[in-house]
Amino acid sequence: MTTPEHDLDLTYAKTDCGTRGEAEFTLGADPHRVTVSGRCPRCEGETGTDFPRGVAGTKGWRFWAKEETPSPAGRSAVVAAEVLYCECGFAHEGMPETTGYEGCGAYWRIGPGTGGTP
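Reading the values: rules and limits
- Residues numbered from 1 in each chain as written.
- Predicted model: local features only at pLDDT ≥ 70, side-chain atom pairs only at ≥ 80, totals over all residues.
- Heavy atoms only, no water.
- Helix = DSSP H or I, 4+ residues; strand = E, 2+ residues; numbered from the N terminus.
- Polar contact = N/O pair within 3.5 Å; in protein donor to acceptor, adjacent residues only side chain to side chain.
- Salt bridge = Lys/Arg side-chain N within 4 Å of Asp/Glu carboxyl O.
- Buried < 20%, exposed > 50% of the residue type's maximum accessible area, 1.4 Å probe, protein only.
- pLDDT = per-residue confidence, 0-100.
- Pairing = 2+ DSSP bridges.
- Phe/Tyr/Trp six-rings, centres within 6.5 Å; stacked < 30°, edge-to-face > 60°.

Participant: Which residues make up the environment of leucine 8, and what values go with them?
Facilitator: Tracing the backbone through its elements, the reader meets leucine 8 in the segment before strand S1 (15–20). Taking the C-alpha atoms as reference points, leucine 8 and histidine 92, 84 residues apart in sequence, are found 6.8 Å from one another.

Participant: An account of the side chain of glutamate 22 is requested, with residue identities and associated values reported.
Facilitator: Mapped onto the elements of the fold, glutamate 22 is located in the loop between S1 and strand S2 (25–30). Among the polar contacts listed, one links the side chain of glutamate 22 to the side chain of serine 76, at a separation of 2.7 Å.

Participant: Can you lay out the pattern of salt bridges for me, pointing to particular residues and giving the numbers?
Facilitator: For the coordinates displayed, the defined rule picks out three salt bridges. Among the ionic pairs, arginine 33 bridges to aspartate 30, the shortest N-O distance being 2.6 Å. The exposure class assigned to arginine 33 is partly exposed, which follows from its relative accessible area of 31%. Measuring nitrogen to oxygen at the nearest pair gives 3.3 Å for the salt bridge that ties glutamate 46 to arginine 39. On the basis of relative accessibility, which here comes to 23%, the residue arginine 39 falls in the partly exposed class.

Participant: Could you give an account of the confidence of the model for the protein chain, with specific residues and numbers?
Facilitator: Scored by pLDDT, the protein chain has a mean of 84; 82% of the residues are at 70 or more. Mean pLDDT values over the elements of the protein chain span from 85, in helix H1 (residues 72–80), up to 96, in S1.

Participant: With reference to specific residues and values, describe the sheet that holds strand S5 (residues 84–85).
Facilitator: Strand order in this open sheet of three strands is S1-S6-S5, and the pairing throughout is mixed. Looking at which strands have only one partner, the edges of the open sheet turn out to be S1 and S5. Pairing analysis gives four bridges linking S1 to strand S6 (residues 106–110), with the strands arranged parallel. Its bridge partner being in S6, threonine 19 is matched across the sheet by arginine 109.

Participant: Describe the packing of aromatic side chains, naming the residues involved and giving the relevant values.
Facilitator: Scanning all chains against the criterion turns up three aromatic pairs. Aromatic side chains phenylalanine 25 and tryptophan 108 sit 6.0 Å apart centroid to centroid with 15 degrees between the ring planes, which places their arrangement in the stacked category. Linking phenylalanine 25 in strand S2 with tryptophan 108 in strand S6, this pair joins segments that are 83 residues apart in sequence. A relative accessible area of 5% places phenylalanine 25 in the buried class. When its relative accessible area of 1% is taken as the criterion, tryptophan 108 is described as buried. With 6.0 Å between their ring centres and 40 degrees between their planes, tyrosine 85 and tyrosine 101 make a pair best called tilted. One end of the pair, tyrosine 85, is in strand S5; the other, tyrosine 101, is in the loop between S5 and S6, and 16 residues separate them in sequence. For tyrosine 85, a relative accessible area of 36% gives the class partly exposed. Residue classification places tyrosine 101 among the partly exposed residues on the basis of a relative accessible area of 22%. Linked through ring pairs, Tyr85, Tyr101 and Tyr107 together constitute an aromatic cluster.

Shown next, in the form of structure tokens:
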């Protein structure tokens, strides 16, 4: 299987890429965070986002046990509640200077699933 190339010529644009399938991404976790990694559905750049343990509703979440790694279902629940943004690390042309990350402007949600790859 060939890996698509990152489209570096793509101009920055806020683009809703809808709800994506969990199988398109890798979900990992430890007691401190859930990590989503994969390719941006718009520019195909490698992107990754950490959702740290914290206060619910602030890009953070809580486990009942302090040092417990979330189950696959727990990973899915954390990710399904969030909006992900392209964080490919490339400043696509036209990206506003006030943007807090570098990417193409794409955003999406991940539909509920089984917790992806640990």
